[in-house]
Amino acid sequence: MNTKHTVLTYLSLITFIVLSLFLWSCNTGENAIFYTLENEKRTVDNTLPNEVTVTGIVKIGDYYYVSLGAIYRRNASNSENKWDPITIKMNGESSSGLCNNLAYFNGKLYGAFIMDSSDQTATSFGLYSATVNTNTTEIDWSGPINIGASQSEIQIVRLFIVNGTLIVITKEETALPYNLYYSTDGSNFSHCATTFDLLPNDCTFFNSQYWLIVGNKIYTGNLSSFSEISTTNYPEGKVSGTYFGGIYYSSDFGALYLSSRDGKIFSTTDGTTWKTANGGEPIKVSDKAVPFGIFYQINSNLMLLGTDGYGFYRIIGGDITNSANIKRFSDNTKAELYSASVLKFFKDPSTNPTVIFACTSGYGLWSNADYSSLFQDSSWGRE
Amino acid sequence: MLWKYRKLFVVFVLIVTVSGIIFSESKEKKTQTVPLYSLGDQTLSINGGLFVPLFFQATDGSVKPTNLTPGGVGSLKWGVYLNGNVKVNLEAGGVFAFSPNFNTLLILPITLSGEYVFNYFPFNFPVYLGTGITITRYQTYTHVDFILKPGLSAYWQYNTLWSFGINFVYWWIFQPATGDQPSYETRMGNFLEISLSALYHF
């Protein structure tokens, strides 16, 4: 009898637990998982290595060239999308240099390189240029280019092309380690008088001035020197700890856009009066502010905004005050892109439809050859 | 709509849990051997094996592909005898399988089951019906759903303490469109578990 009583107690308890769980849950969830799985398609994956950081991409002739330490290329119209490694030569001799940035400027390819000495005891750096012969998979680089600093001791950390000017950011062993050099022809470089304690993260040209974001500061200038903008000209709602992620002037939208690492997006048409996205509050995912990065204009209606760890966002129509215009890349079945840090975007307008690339940190290169106004998130594939 | 399912579920669970008591009053068939266990005896089994995604079904009856690879399943099941042939069990486990892009689907069911054991010493053949909830996790998505698990097993009784066997369990998971989801996204997941068991009596 005692045993029977115990059993019935167990049964009552189990019944209570299960019913409680069921009534508590009773089919909850905001996304239909089975439906999502049913519609998931295998992501196209071309031959470029996947677990790599893609630091640069350019198009020369019919070929895309990307830097990920090594350099690869593929034919833009190659249906097999096969990527070929590029043999690197430096001044006619074989080299094992690693390329950490690419830029195509004034008909030449520019690459920032890191090289170990032959006995592996020293590391040198340099900016090199090459006239690319697309008939071969070999690039013979010339350099290092004398940009006005001791070549072997400075590391080139950023290459920007802004307003027809090649801008080179270097890191040197000084108290203010970040220096800016610039050139309008790719051969003769000038040194900016202003040096920076933090990495200049992005640069754009607006209102007849270059705008530079460095940590939590905004600088303007004419490249020969920069000065921080007046405190009163910073966006309202920007707190002192706000680090900026990207700055971009969109001629299509007629506004300067600014993103921050704490989830905010700003825009201005005059450089002093700022509009804010999301009512000035950080845009969040799972209660964490999205660290925004660089902007990239796709067409007259669409701009992309990279993030650090949350893929990218679309900004439609340029009006950031309307939250409906700012949408995150939505296909989380492409987990690596959905949670990627997007370093750069690139579009190839000569293709129809326009092909778009997203360079990620650690998750390779992604492309979308069907990026129409319908925003085909499911069409992204991995190169 | 959901209230309708809740009521059905509550009725079902009550049927399952009292079935043992009803069965315990019934006579055993003469063709079976005398059971070794009786009211109050308990079991604990560990199960592991293959999880086979079969198909999804929409509410209009159409069958859809799961796009999942075969996966793995594991569970712990605690049971108590109501008489020599009838048991009730509480089971918790987990399943994994992969999507076309090798993203991992996780299903964590918690179920209560009623079980009838056919005894043919040294073999036992339990048939059972379980019900409960599943917590389904995929990427950033989580869904809590209703599950039915009918199944049958075959055990070889090594001694009075240990049995070893194989299980065939059908999983039916009802995943309705909830929240802002459009109703056409409702799916019923159909899966098959084929697993091995080690069962301890105490």
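The preceding data block contains the structure.
Only a predicted model underlies this, so the values are computations on that prediction, with no experimental measurement involved. (Residues numbered from 1 in each chain as written. Chains lettered and ligands numbered in written order. Predicted model: local features only at pLDDT ≥ 70, side-chain atom pairs only at ≥ 80, totals over all residues.)

A. A look at the overall build of chain B. Each helix and strand in chain B was counted, giving one helix and nine strands. In chain B, the order of α-helices and β-strands from amino to carboxyl end is α-β-β-β-β-β-β-β-β-β. Per-residue burial over chain B gives 39% buried out of 202 residues. Across chain B, the fraction of contacts at a sequence separation of at least 24, relative to all contacts at a separation of at least 6, is 60%. (Helix = DSSP H or I, 4+ residues; strand = E, 2+ residues; numbered from the N terminus. Buried ≥ 20, exposed ≤ 12 C-beta atoms within 10 Å, placed from the backbone. Contact = placed C-beta atoms within 7 Å.)

B. View of the sheet that holds strand β8 (residues 108–116) of chain A. Residues and elements named next belong to chain A. Reading across the sheet, the three strands line up as β7-β8-β9 and stay open at both edges, with antiparallel pairing between neighbours. Every other strand in the sheet has two partners, leaving β7 (98–105) and β9 (123–130) as the edge strands with one partner each. Averaged over all adjacent pairs, the angle separating strand axes in this sheet is 15°, with direction ignored. Note that β8 and β9 share eight bridges and pair antiparallel. Note that in β9 the partner of Leu109 across the bridge is Ala130. (Pairing = 2+ DSSP bridges. Axes fitted to C-alpha atoms, helices over the stretch in contact; angles between N-to-C directions.)

C. Spotlight on the sheet that holds strand β6 (residues 93–94) of chain A. All names here are of chain A. In space, the three strands of this open sheet follow the order β6-β5-β10, with mixed pairing throughout. Edge positions in the sheet fall to β6 and β10 (138–141), since each has one partner strand and no second. Sheet analysis places strand β5 (residues 87–90) next to β10, joined by four bridges and oriented parallel. Considered in β10, the bridge of Lys89 is made with Asp140.

D. Highlighting the nonpolar core. Residues Val66 and Val168 of chain A are the most contacted members of the largest nonpolar core, which totals 95 residues. Broken down by element, the residue count for this core peaks at five residues, all from strand β16 (residues 209–214) of chain A. When sequence neighbours within four positions are dropped, the list of residues in contact with Val66 of chain A reads Val54, Gly56, Ile57, Ile71, Tyr72 and Leu365 of chain A. Judged by nonpolar contacts, the second largest core, of 23 residues, contains Leu68, Val73, Val169 and Trp171 of chain B. (Core = buried A, V, L, I, M, F, W, Y, C linked by C-beta atoms within 7 Å.)

E. Spatial organisation of the pairing of strand β6 (residues 123–138) of chain B. All names here are of chain B. As paired elements, strand β5 (residues 104–120) and β6 share 16 bridges and run antiparallel to each other. In the sheet register, Leu105 faces β6, and the bridge partner there is Tyr138. Following β5, the chain reverses through two residues before pairing antiparallel with β6. Here β6 runs beside strand β7 (residues 141–157); their pairing, made up of 14 bridges, is antiparallel. Bridged to Val127 within β7 is Leu152.

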